[in-house]
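Coordinates in review
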Amino acid sequence: MYALKGNIIYAAECGELTVVQNGHIGVDGERVAFVSGTLPKAYQDIEVKDYGDRLIIPGFCDLHTHAPQFENIGLGMNLQLLPWLNQLTFPTEAKYADKAYAKEKYAHVISEFYRFGTTRAVLFTTVHEETAQVLVDMMEKSGICAYIGKVNMDSNCPEFLCEDTEKSLAETRAFFERNKDNQNVKPILTPRFVPTCSREMLKGLGKLAAEYHAPVQSHINENLDEIRWVGELFPEAEHYADVYDRYGLLNDKTLMAHCIHMKPEEIEMLAERGVYAVHCPQSNVNLASGMMPLKPMMEQGVRIGFGSDVSGGHVVSMSEIMVLAMQVSKLRYQQNPEEGFLSFAEAFYIATKGGGSFFGKVGSFEPEYEFDALVIDDASLGKNGESDMIERLSRFVYKGDDRNIVARFIKGREIQPPRFD
Ligand code: GUN
Ligand code: FE
């Protein structure tokens, strides 16, 4: 048991920030024991790490990104989704058949999460089960908590990535069996998106979802050409969400990235099933996909997380994603003033406790929460004596960067820069 001392800020409720200036967080094993101004009497003898005037905030959660696409950051930015996949993304992903290649590239991905204070992440890899396992093993060593998926795709994709359905399902089962009892890095079912999955594939994955009560991640309603194509491929379905639903792939452990061009019935369906809509504003701007109806979906009770969606998105930093989510929301507000726009406190909640809830009691400093935290030294960003803690947090999120993050804790332990030798 030990305690951290500093200026504590977290969001227990969406839209509200809790501040304990010059306070203590007690950590018992992996979890928060208490947050208080002075050290409670019963704990007078425990070790206290004193971070002085620094800020202590929950770690960031990235609920959607693609590990093999980190090498493409900044490329293909004149393309929209379908040509972007065919011309840039699929050829890159093919390279991850090679174990040595994947090892080198995935080491960089993990270092980037560490650097930017992403303490929890949910990732796509590629169709290659062997190198998906490489990422699982490396991530497990790093101390960062993650869900990692081996991608399934058996239709409408280039031959060099197109899988045999039976083999893909068998490999996915093996991947699950091998990793389901891991400490920090768990498997997640990962149909790429409807256009690259046959009915047999979706059916097989739905069966695995039921058998393992497995989490699921995919993409939905990102791009208008994609949506038209889904309508042609699955004319029997009411809408895009209905395709996933027919195969049992929408549940309270499902992440659906993008959710931009949503029919009202689809929003209702996601809310009813407890699905998480993962907002990836930077990717949505870069690929000219559109603006997610974020505020209406929040109003209707859909659970929300943020995703960097590299390499549709070009940054890993969840602070930058928070800022862009607020900016895009304000642009949408101009056309739809009745929706209001995303506040700073709401964005901070989504980046921490909102996304963290996918992992359990994560993303807050309430008692019993797993202790994931970042210590922020913002002395270089302005005159701290003249600002309150919420102003200082806002300033860090808008103009700070990874250099301001001076310590990272996950599940109660301070983690060190990842090494893979
Ligand atoms: N839809 C299907 N695959 C992808 C992908 O890799 N990135 C994004 N942004 N959308 C997708
Ligand atoms: Fe994506």
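Given the structure is predicted, the values throughout are model-derived calculations rather than measurements. (Residues numbered from 1 in each chain as written. Chains lettered and ligands numbered in written order. Predicted model: local features only at pLDDT ≥ 70, side-chain atom pairs only at ≥ 80, totals over all residues. Heavy atoms only, no water.)

Using the criterion set out here, one finds 27 salt bridges in the structure. Between Arg178 and Glu129 there is a salt bridge; the shortest N-O distance is 2.8 Å. Separated by 49 residues along the polypeptide, Arg178 in helix α4 (residues 165-179) and Glu129 in helix α3 (residues 129-142) bring together distant segments of the chain. Of the residues examined, Arg178 reaches a relative accessible area of 42% and is grouped as partly exposed. Three or more residues are tied together by salt bridges with common partners; here these are Arg31, Arg120, Glu370 and Asp372. (Salt bridge = Lys/Arg side-chain N within 4 Å of Asp/Glu carboxyl O. Helix = DSSP H or I, 4+ residues; strand = E, 2+ residues; numbered from the N terminus. Buried < 20%, exposed > 50% of the residue type's maximum accessible area, 1.4 Å probe, protein only.)

Right, let's get into helix α12 (residues 344-356). With 13 residues, α12 extends 17 Å between its outermost C-alpha atoms, agreeing within 8% with the 18 Å of an ideal straight helix rising 1.5 Å per residue. Counting buried residues along α12, 13 of its 13 residues qualify, which places the element largely inside the surrounding structure. (Expected span 1.5 Å × (residues − 1).)

As a further point, take the nonpolar core. Judged by nonpolar contacts, the single largest core of 83 residues is most densely connected at Met297 and Phe306. Per element, the largest residue contribution to this core is seven residues, and it comes from α12. The residues contacting Met297, other than those within four sequence positions of it, are Cys259, Met262, Ile267, Leu270, Ala277, Met292, Val302 and Ile304. (Core = buried A, V, L, I, M, F, W, Y, C linked by side-chain atoms within 4.5 Å. Contact = heavy atoms within 4.5 Å.)

Before going further, it helps to spend a moment on unusual backbone geometry. Residues Val310 and Ser311 are joined by a peptide bond in cis, for which omega reads 5°. Within the element layout of this structure, Ser311 appears in the loop between β14 (303-306) and α11 (318-335). Residues other than glycine seldom take positive phi values, yet Asn22 does so here, at roughly 55°. Its location among the elements puts Asn22 in strand β2 (residues 16-28). One non-glycine residue, Glu368, lies in the positive phi region at around 85°.

A rise of 1.5 Å per residue sets the reference length of α3, with its 14 residues, at 20 Å; its end C-alpha atoms lie 20 Å apart and thus fit the reference within 8%. For α3, every residue scored as buried is listed here: Glu129, Thr131, Ala132, Gln133, Val134, Leu135, Val136, Met138, Met139 and Ser142. In this structure, the buried residues of α3 make contact with α2 (99-116), β6 (118-124), β7 (145-149), α4 and β9 (185-187). Two residues or fewer after α3 comes Gly143, characterised by a positive phi angle close to 90°.

Let us now look at the sheet that holds strand β12 (residues 254-258). Read across the open sheet, the four strands follow the order β11-β12-β13-β14; overall the sheet is parallel. Of all the strands in the sheet, just β11 (216-220) and β14 have a single pairing partner and so form its edges. Ignoring which end each strand starts from, the neighbouring axes of this sheet average 30° apart. Bridging between β12 and strand β13 (residues 276-279) involves three bridges; their strand directions are parallel. Pairing of Ala257 across the sheet is with Val278, part of β13. (Pairing = 2+ DSSP bridges. Axes fitted to C-alpha atoms, helices over the stretch in contact; angles between N-to-C directions.)

The protein atoms donating to the iron ion (ligand 2) are His64 (NE2), His66 (NE2), His219 (NE2) and Asp309 (OD), with metal-donor distances spanning 2.1 to 2.2 Å. In this structure, the iron ion (ligand 2) is coordinated by four donor atoms arranged in irregular fashion, with angles at the metal of 90 to 171°. On the primary sequence, the residues serving as donors to the iron ion (ligand 2) are separated as H-x1-H-x152-H-x89-D. With His64 in strand β5 (residues 60-66) and Asp309 in the loop between β14 and α11, the pair connects residues that are 245 residues apart, well separated along the chain. (Donors = N, O, S within 2.8 Å, 3.2 Å for Na, K, Ca; no water. Tetrahedral: all angles 85-135°; square planar, octahedral: opposite > 155°, others 65-115°.)

Bringing the pairing of strand β1 (residues 2-13) into the picture now. Where burial is concerned, most of β1 is hidden: 10 out of the 12 residues are buried. Of the pairings in the sheet, the one linking β1 to strand β4 (residues 47-58) comprises six bridges and is parallel in character. Bridging across to β4, Ala3 finds its partner in Val48. Inspection of the sheet shows β1 paired to β2 by nine bridges, in the antiparallel sense. Counterpart to Tyr10 in the pairing with β2 is Thr18. Taken together, β1 and the strand that follows it, β2, pair antiparallel across an intervening segment of two residues, in which Gly15 is found at a positive phi of about 100°.

Looking at the element boundaries, Gly382 is found in the loop between β15 (373-376) and α13 (389-399). Distance from Gly382 to His64, taken between C-alpha atoms, is 32 Å for residues 318 residues apart in sequence.

Of all five residues making up β11, five are buried, and the element is well covered by its neighbours. Here β11 shows a buried face lined by Val216, Ser218 and Ile220 and a second buried face lined by Gln217 and His219.

Another aspect to go through is the sheet that holds strand β17 (residues 413-414). One open sheet accounts for seven strands, arranged β3-β2-β1-β4-β15-β16-β17; its pairing is mixed. Every interior strand has two partners, whereas the edge strands, β3 (31-36) and β17, have only one. Running over the sheet, α13 touches β1, β2, β4, β15 and β16 (405-410) and is turned about 70° from β4.

All residues in the neighbourhood of ligand 1 are listed as His66, Gln69, Leu81, Trp84, Leu85, Arg192, Phe193, His219, Glu222, His258, Ser283 and Asp309. Take His219: an N or O atom from its side chain is 3.5 Å from a nitrogen atom of ligand 1. Measuring from a nitrogen atom of ligand 1, one finds a side-chain N or O atom of Asp309 at 2.8 Å. Relative to its unbound accessible area of 270 Å², ligand 1 is 100% covered by the protein chains. Among the detected pockets, ligand 1 sits in the largest cavity. Ranked by residues supplied to the shell around ligand 1, first place goes to helix α1 (residues 81-94) with three residues. Each residue belonging to the shell around ligand 1 can be placed in one class, and the counts come to four nonpolar, five polar and three charged. (Near = heavy atom within 4 Å. Polar contact = N/O pair within 3.5 Å; in protein donor to acceptor, adjacent residues only side chain to side chain. Areas by Shrake-Rupley, 256 points an atom, 1.4 Å probe, with all protein chains shown as cover. 1 Å grid on protein atoms, 1.4 Å probe; cavity = no way out; pocket = protein on both sides within 12 Å on 5 of 7 lines; lining within 4 Å. Sits in = over half its atoms within 2 Å of the grid points. Nonpolar A, V, L, I, M, F, W, Y, C, P; charged D, E, K, R; others polar.)

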